[in-house]
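Summary of structural features
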Amino acid sequence: MLPATNNMPIVKYPRATEPLWHEWDGKAQKRGLRHTVYAVNGDQYTGEWLDNLKHGKGTQVWKRTGAIYSGDWKFGKRDGYGSYSIPDPVTKEYKKVYTGWWKNDRKCGYGATFYPGGERYEGEWSGGLRSGWGRMYYRDGSIYEGQWLVDRPGGQGMLRLPNENRYEGGWKDGKKHGPGKFFYLDKGQLFEGIWAADIPKCGILIDFGRDEAPAPTQYPIPKIELADPDGVLAEAQAMFDDSQN
């Protein structure tokens, strides 16, 4: 005797399919490493992508200027470590302009910038501006090392001149400001006082290393006869502080 069979009909439902445009759109999305992609304006990018945005390691070439950036990207912007170079207008050889850290398409963190004429800056950046600690090498041979604020020396810093004379002290808006010392090593003298907008307002000038100076003054400076020279400077400092408030 044959076993009983289930003669209930089997209903088959058609498999749900995604519209074709979904598949095409997915294939068109840029993800991962790609070969060179050209923009309408002629710019080209070779590197990694995420959801149609430059993301990861990559190199961008701008057609109009010929500039090249090679480094890290995040969601379409330079972010991380990278270098930026431009072609020399005469030789067409590439010259490095900046190498260091970026954030949100701007210099941010530690980096070095190379300026025309041989000047360069090594130090901290914020929002594309020199800010924090840094060292600037100027065309005339001077070197500034110290704090920066909004792209100019601001805070405490030292400026060393080509003849080895130097200023150590306060700065504001790129100018000597506040208490400071100026070492005239060529003459063997030291000026200690208070500056305002690059102008010494008051202070004390004394001999300093006069025996080793290459061009000392004819006569040494006589000793100060003030009973309380430190008190005079303190009073001047108090007047300076009051003028800043």
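This section reports on the structure supplied with the text. Note that this is a predicted model, so its numbers are computed, not measured. Counting from 1, residues in each chain are numbered in the order their sequence is written. Two thresholds apply to this predicted model, a pLDDT of at least 70 for residue-level local features and 80 or more for giving and counting side-chain atom pairs, whereas whole-chain, interface and lining totals are computed over all residues. Values shown for side chains rest on all heavy atoms present in the structure; no hydrogens or waters enter the calculation.

With that out of the way, let us pick up the overall build of the protein chain. The secondary structure content of the protein chain amounts to 2 helices and 15 strands. Burial status follows relative accessibility: with a 1.4 Å probe on protein chains alone, a residue under 20% of its type maximum counts as buried, one over 50% as exposed, and anything between as partly exposed. Counting every position in the protein chain, which comprises 245 residues, the buried fraction comes to 30%. Should any heavy atoms of two residues lie within 4.5 Å, those residues are counted as being in contact. When contacts within the protein chain are restricted to residue pairs at least 6 apart in sequence, long-range pairs at least 24 apart make up 11% of them. A 1.4 Å probe and the Shrake-Rupley method give the accessible areas. Residues count as covered only by the protein chains that appear here. Surface accessibility of the protein chain: about 16600 Å² in total, with carbon and sulfur atoms responsible for 56%. Where helices and strands are cited, they refer to DSSP runs of H or I of at least four residues and of E of at least two residues respectively, numbered from the N terminus.

This brings us to unusual backbone geometry. Although it is not a glycine, aspartate 105 sits at a positive phi angle of roughly 75°. Tracing the chain through its elements places aspartate 105 in the loop between strand E6 (94–103) and strand E7 (106–114). Looking at aspartate 105, the relative accessible area reads 31%, which means it is partly exposed. Positioned with a positive phi, valine 150 is a non-glycine residue whose angle comes to about 55°. Mapped onto the fold, valine 150 is located in the loop between strand E10 (143–149) and strand E11 (152–160). Given a relative accessible area of 53%, valine 150 falls into the exposed group.

Here the focus is the pairing of strand E9 (residues 129–137). When strand E8 (residues 120–126) meets E9, the two strands line up antiparallel, connected through 6 bridges. Along E9, the bridge assignment pairs tyrosine 121 with methionine 136. For two strands to be treated as a pair, DSSP must find at least two bridges joining them. The hairpin turn running from E8 into E9, its antiparallel successor, is 2 residues long, and glycine 127 in that turn takes a positive phi close to 60°. Alignment of E9 against E10, held across 6 bridges, turns out to be antiparallel. Bridging from a neighbouring strand, glycine 134 pairs with glycine 146 of E10. Remark: 5 residues form the turn of the hairpin made by E9 and E10, two consecutive strands paired antiparallel; glycine 141 in that turn has positive phi of roughly 100°.

What follows concerns the side chain of aspartate 186. Positionally, aspartate 186 belongs in the loop between strand E13 (175–184) and strand E14 (189–196). As a buried residue without a salt bridge, aspartate 186 has its nearest oppositely charged side chain in lysine 187, at a separation of 5.7 Å. Residues contacting aspartate 186, with those up to four places away along its chain left out, are Asn163, Asn165, Ala213, Pro214, Ala215 and Pro216. Positive: Lys, Arg. Negative: Asp, Glu. His and the chain ends are not part of the count. Salt bridge, as used here: a side-chain nitrogen of Lys or Arg that lies within 4 Å of a carboxyl oxygen of Asp or Glu.

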